[in-house]
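Commentary on secondary and tertiary structure
Here is what each chain is made of, one letter per residue.
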Amino acid sequence: QVQLVESGGGLVQAGGSLRLSCAASGRTFSRYRMGWFRQAPGKEREFVAAISWSGGNTYYADFVKGRFTISRDIAKNTVYLQMNSLKPEDTAVYYCAADPRGHGSLWVRESYDYWGQGTQVTVAS
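Structure report, in brief. (Residues numbered from 1 in each chain as written. Predicted model: local features only at pLDDT ≥ 70, side-chain atom pairs only at ≥ 80, totals over all residues. Heavy atoms only, no water.)

The two faces of strand β1 (residues 4–7) differ: L4 and E6 on one face are buried, but V5 and S7 on the other face are not. Examined bridge by bridge, β1 and strand β3 (residues 18–24) share four bridges and lie antiparallel to one another. Looking across to β3, one finds that L4 is bridged to A24. (Buried < 20%, exposed > 50% of the residue type's maximum accessible area, 1.4 Å probe, protein only. Helix = DSSP H or I, 4+ residues; strand = E, 2+ residues; numbered from the N terminus. Pairing = 2+ DSSP bridges.)

Let's shift gears to the state of the cysteines. Put plainly, a disulfide is one covalent bond tying together the sulfur atoms of two cysteines. All told, the structure shown has one disulfide when counted by the stated rule. The partner cysteine of C22 in its disulfide is C96, sulfur to sulfur 2.1 Å. One quick way to see it: the torsion about the S-S bond of C22 and C96 is about -75°, and its sign makes the bridge left-handed. One end of the pair, C22, is in strand β3; the other, C96, is in strand β9 (residues 92–99), with 74 residues separating them in the sequence. Grouping residues by exposure puts C22 and C96 together as buried. (Disulfide = S-S within 2.5 Å.)

This is the structure we're talking about:
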């Protein structure tokens, strides 16, 4: 079983930055692919970024490329999402997710078995 706890959300002005953290429990965390998704009010939960178990490969939704960076610290059992040049349309609840099977499409919610409770990010214009 894996438990995921996000932190780092908050209110920021447009153009500002935030770093989200996702702390994971479980001995096999280092073998899981990890992802970030977000959900804005009235919208579907959408893929933001993902990272391979080794951290060697990263994947991003087009709307965050060049602005967001996903990384992981295996020793700390933590995944990060550095968000720069934030826009009002980035306002959403951001969720961390873990994929223990490692063979589904990373941008698909169904590939992930474990989810955090989410952290609110609000970008003011």
